[in-house]
Amino acid sequence: MPSTLEPIDLRILEALQKDGRLTNQALSSEVGLSTSPCWRRVRQLEETAVIQGYTATLDRRQIGLGVLAFIRVKIDSHSEAEAEEFSRDVLKLSEVVACYSIAGDADFLLQVVAADLDSYADFAMAVVRRLPRIKEMQTTFVLKEIKPFKGFPLDVGQR
């Protein structure tokens with residue numbers, strides 16, 4: 001953990017990851033701090049970009065996104081310029097909900113959602129496959145989400 005985060009900061013972050021809609025009063029009560037110092041600490045965490053925003057967590061299936069897939073992509077060249085250009089292209093694709101530059105036998109890992117398999121196939125073949133510089137792509141479909149992302153563990157490295 002960065003030395004700037006104190007135990008009270010970690011308690012605040014854990015509480016806000018569980019419920020980002022907590023009022024300052026409820027948050028201060030939960031973490032055992034009076035309201036003014038709690039508010040100041042939250043503002044400091046926001047200003048230093050430890051807290052980068054507040055969002056609602058949606059059930060993708062409830063909003064019509066029945067397919068979740070990961071696409072491993074290899075690009076033609078490993079030049080920095082080509083990797084940056086690929087990254088810029090991917091940022092424009094709303095179906096790609098996350099993208100990572102990775103080490104190993106592929107260059108990028110894309111997390112993709114689609115309404116159904118036909119929609120996914122259309123997107124993969126008509127959009128992703130046609131991006132310039134793609135050498136190879138491989139899709140892995142999620143059959144069941146065992147542990148979807150719900151927030152970062154704040155106790156890692158503390159054990």
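Reading the values: the criteria
Residues take numbers from 1 onward in each chain, read along the sequence in its written order. Only residues with pLDDT of 70 or above have their local features reported here, since the model is predicted, and side-chain atom pairs are shown and tallied only from 80 upward, although totals for entire chains, interfaces and linings are computed over all residues. Side-chain descriptors were evaluated using all non-hydrogen atoms of the structure, hydrogens and water having been removed beforehand. A run of H or I in DSSP becomes a helix once it reaches four residues, and a run of E becomes a strand once it reaches two; helices and strands are each numbered from the N terminus. A helix is expected to reach a length of 1.5 Å times the quantity of its residues less one. Relative accessibility under 20% of the residue-type maximum defines a buried residue, over 50% an exposed one, and the middle range a partly exposed one, all with a 1.4 Å probe and only protein chains included. Along the arc lie the directions from the helix axis toward the C-beta atoms. The salt bridge criterion pairs a side-chain nitrogen of Lys or Arg with a carboxyl oxygen of Asp or Glu, the two atoms within 4 Å. Should DSSP find at least two bridges between two strands, the strands are regarded as paired. Working convention: axes come from line fits to C-alpha atoms, limited for helices to the stretch in contact. Angles between N-to-C directions cover 0 to 180 degrees. When checking whether two residues touch, look at their non-hydrogen atoms; a contact exists if any pair is within 4.5 Å. UniProt positions are given in the numbering used here, feature names are shortened, and annotations may be inferred rather than shown by experiment. In predicted models, pLDDT denotes the confidence assigned by the predictor to each residue on a 0 to 100 scale. Cavities and pockets are found on a 1 Å grid laid over the protein atoms alone: a cavity is a set of points where a 1.4 Å probe fits but cannot escape, a pocket is an open set with protein on both sides within 12 Å along at least five of seven lines, and a lining residue has an atom within 4 Å of such a point. Grid points are joined across faces, edges and corners, and a volume is the space filled by probe spheres set on the points. When residue character is reported, Ala, Val, Leu, Ile, Met, Phe, Trp, Tyr, Cys and Pro are called nonpolar, Asp, Glu, Lys and Arg charged, and the others, Gly included, polar. Domain start and stop points were drawn from an automatic or database domain assignment.

Colleague: Would you mind going over helix H4 (residues 80–91) with me for this structure?
Modeller: A turn of α-helix holds 3.6 residues, and therefore any two residues three or four places apart point the same way. Counted at 1.5 Å a residue, the expected span for H4 with its 12 residues is 16 Å, and the 16 Å between its end C-alpha atoms agrees. Inspection of H4 places Phe86, Asp89 and Val90 among the buried residues, and these make up the whole buried set. Each buried residue of H4 lies within a common arc of 100° when the element is viewed along its axis, so the set occupies one face. The exposed residues of H4 that point more than 90 degrees off its buried face are Glu80, Ala81 and Leu91.

Colleague: Teacher, can you tell me more about the pattern of salt bridges here?
Modeller: Oppositely charged side chains may form a pair once their charged atoms are brought near each other. If you walk through the whole model with that rule in mind, you get 11 salt bridges. For Arg61, the salt bridge identified is with Glu145, shortest N-O distance 2.9 Å. Here the residue Arg61 occupies a position in the loop between helix H3 (35–47) and strand E1 (67–75), and Glu145 occupies one in the segment after strand E4 (134–141), the gap between them amounting to 84 residues. For Arg61, a relative accessible area of 48% corresponds to the partly exposed category. Taking relative accessible area as the criterion, Glu145 reaches 30% and is therefore assigned partly exposed. One salt bridge in this structure joins Glu136 and Lys74, with 3.8 Å as the shortest N-O distance.

Colleague: Even after reading the chapter, I still don't get the environment of Tyr100, so can you show me in this structure?
Modeller: Secondary-structure assignment places Tyr100 in strand E2 (residues 96–101). Linking Tyr100 and Ala81, residues 19 residues apart in sequence, is a C-alpha distance of 16 Å.

Colleague: Quick question: what am I supposed to make of the sheet that holds E1 here?
Modeller: Each strand in a sheet pairs with its neighbour through backbone hydrogen bonds, running either in the same direction (parallel) or in the opposite one (antiparallel). Spatial strand order, E2-E3-E1-E4: four strands in an open sheet with antiparallel pairing. Looking at strand neighbours, the two that pair on one side only are E2 and E4, the edges of this open sheet. Here the average twist between neighbouring strands, direction ignored, is 20°. The sheet contacts of H4 involve E1, E2, strand E3 (108–114) and E4, and relative to E3 the element is tilted by about 10°.

Colleague: Explain the UniProt feature "domain: HTH asnC-type" (unreviewed entry) in the protein chain here, please?
Modeller: As recorded in UniProt, the sites labelled "domain: HTH asnC-type" (unreviewed entry) are residues 5–66. Taken end to end, residues 5–66 has its terminal C-alpha atoms 39 Å apart, with 53% of it in helix and 0% in strand.

Colleague: Hey, could you run me through the confidence of the model for the protein chain in this one?
Modeller: In regions of low pLDDT, the predicted coordinates are not meant to be interpreted in detail. Per-residue confidence for the protein chain gives a mean pLDDT of 93, with 96% of residues at or over 70. Ranking the elements of the protein chain by mean pLDDT puts H4 last, at 92, and E3 first, at 98.

Colleague: Which parts of the structure should I look at to understand the layout of surface pockets?
Modeller: If you roll a probe as big as a water molecule over the atoms, it shows you where there is empty space left. The space that makes up the largest pocket amounts to roughly 1,600 Å³. Every residue lining the largest pocket is counted, 38 residues in all, and those nearest its centre are Thr55, Thr57, Phe149, Lys150 and Gly151. Broken down by secondary-structure element, the contributors of at least two residues to the lining of the largest pocket are helix H1 (7–18), E1, E2 and E3. A total of four residues in the lining of the largest pocket trace back to one element, the largest contributor, which is H1. Split into classes, the residues belonging to the lining of the largest pocket amount to 21 nonpolar, eight polar and nine charged. Three or more residues apiece are contributed to the lining of the largest pocket by two domains, here domain 1 (7–48) and domain 2 (60–141). Within this model, the second largest pocket holds a volume of roughly 210 Å³. If you go around the second largest pocket, the residues you meet are Glu14, Gln17, Lys18, Lys147, Pro148, Lys150, Gly151, Phe152, Pro153, Leu154 and Asp155. Grouping the amino acids of the lining of the second largest pocket by side-chain chemistry returns four nonpolar, two polar and five charged.

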